[in-house]
Amino acid sequence: DKTVEKAMSRSPAIQVINHIKNQGKGASIISGIKYATGDIIIIQDADLEYSPCFYPQLLKPIIEENLDIVYGSRFLKQGHPDKMRMSYFLANRFGTSLVNILCGSRLTDVMTCLKVFRIDALKKLNLLSKDFGIDAELTIKAIKAGYRIKDIPITYKARTFKEGKKFKPI
């Protein structure tokens, strides 16, 4: 889809980290963390289901409340986001409930693809998942490390397979 070429053409100040062969979402995040130099890192899937317009709201608790992690929750504003397939909704609710039960947390959207971390907290998590399991791993390891995660409501625009949706729940 020419993502790498487009990113590289934007500015010489942007460093593009690219795997020659697709190794999965988790592998991309792990590689990106190694190169990150700022104090805060935003992890967002590039499929346009999440809007960057929420960045200021997600950064605010990191800066003003000295939090380490903030998640953009699709379920705080809308119980069931418009156009989200029921299978995705149920899989997310099940996964989030399972993490909450096992970790004693009260999160609303563990599988959100819009997360903000203080880089020092993120680098301490020793992530291993190379695929979509990275979302659950990030959350579980962060909770076990004692980091508090805050959910912030966001809106979400679900995509169809026709529009390019790739992930299919089992």
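J.: Just to check I follow, could you spell out the overall build of the chain for this structure?
T.: Scanning the chain from terminus to terminus reveals six helices and four strands. Of the regular secondary structure in the chain, the N- to C-terminal order runs α-α-β-α-β-α-β-α-α-β. Dimensions of the chain along its principal axes, counting C-alpha atoms only, are 45 × 40 × 30 Å. Residue burial in the chain is summarised as follows: out of 170 residues, 42% are buried. Of all intrachain contacts in the chain linking residues separated by at least 6 positions in sequence, the fraction that spans at least 24 positions is 67%. Surface exposure of the chain reaches about 10400 Å², of which carbon and sulfur atoms provide 57%. Distance from the positive charge centre (28 side chains) to the negative charge centre (17 side chains) of the chain: 3 Å.

J.: Looking at this structure, I do not really get the pattern of salt bridges. What am I missing?
T.: Oppositely charged side chains may form a pair once their charged atoms are brought near each other. Applying the stated criterion across every chain, the model contains seven salt bridges. Among the salt bridges present, the one from lysine 115 reaches aspartate 135, with a minimum N-O distance of 2.7 Å. Of this pair, lysine 115 sits in strand S3 (residues 114-118) while aspartate 135 sits in helix H6 (residues 134-144), and the two are 20 residues apart along the sequence. The same class applies to lysine 115 and to aspartate 135, which are both buried. Linking glutamate 137 and lysine 141 is a salt bridge whose minimum nitrogen-to-oxygen distance equals 2.7 Å. Of this pair, glutamate 137 and lysine 141 both sit in helix H6, four residues apart, which is roughly one turn of that helix. The partly exposed category is assigned to lysine 141, whose relative accessible area is 25%.

J.: Would you explain the packing of aromatic side chains in this entry?
T.: One pass over the structure, following the stated rule, counts three aromatic pairs. Summarising the aromatic geometry, the rings of phenylalanine 75 and phenylalanine 89 are spaced 5.7 Å apart at their centres and angled 70 degrees between planes, so their arrangement reads as edge-to-face. You can see phenylalanine 75 sitting in the loop between strand S2 (69-73) and helix H4 (86-103) and its partner phenylalanine 89 sitting in helix H4, a full 14 residues away along the chain. Overall, phenylalanine 75 belongs to the buried group, its relative accessible area being 10%. Positioned over the ring face of phenylalanine 75 is arginine 93, at 4.5 Å from the centre of the ring. Sitting over the face of the ring of tyrosine 71, lysine 115 holds its NZ or CZ atom 5.0 Å from the ring centroid.

J.: What is the right way to read a nonpolar patch on the surface from this model?
T.: A surface patch of nonpolar side chains, amounting to about 480 Å² of accessible area, comprises Phe94, Leu98, Ile101 and Leu102. Exposure remark for leucine 98: the relative accessible area of 39% places this residue in the partly exposed category.

J.: Where do I start with the environment of leucine 128 in this structure?
T.: Tracing the chain through its elements places leucine 128 in the loop between helix H5 (119-123) and H6. The exposed category is assigned to leucine 128, whose relative accessible area is 55%. Along the backbone, leucine 128 and alanine 27 are 101 residues apart, and their C-alpha atoms lie at a distance of 8.1 Å. Once you skip the residues sitting within four places of it in the chain, leucine 128 turns out to touch Ile30, Glu137 and Lys141.

Criteria and thresholds
- Residues numbered from 1 in each chain as written.
- Predicted model: local features only at pLDDT ≥ 70, side-chain atom pairs only at ≥ 80, totals over all residues.
- Heavy atoms only, no water.
- Helix = DSSP H or I, 4+ residues; strand = E, 2+ residues; numbered from the N terminus.
- Buried < 20%, exposed > 50% of the residue type's maximum accessible area, 1.4 Å probe, protein only.
- Contact = heavy atoms within 4.5 Å.
- Areas by Shrake-Rupley, 256 points an atom, 1.4 Å probe, with all protein chains shown as cover.
- Lys, Arg positive; Asp, Glu negative; His and termini not counted.
- Charge placed at Lys NZ, Arg CZ, Asp CG, Glu CD.
- Salt bridge = Lys/Arg side-chain N within 4 Å of Asp/Glu carboxyl O.
- Phe/Tyr/Trp six-rings, centres within 6.5 Å; stacked < 30°, edge-to-face > 60°.
- Lys NZ or Arg CZ within 6 Å of the ring centre and 35° of its normal.
- Patch = residues over 30% accessible without salt bridge, like charges linked within 9 Å, V, L, I, M, F, W, Y side chains within 5 Å.

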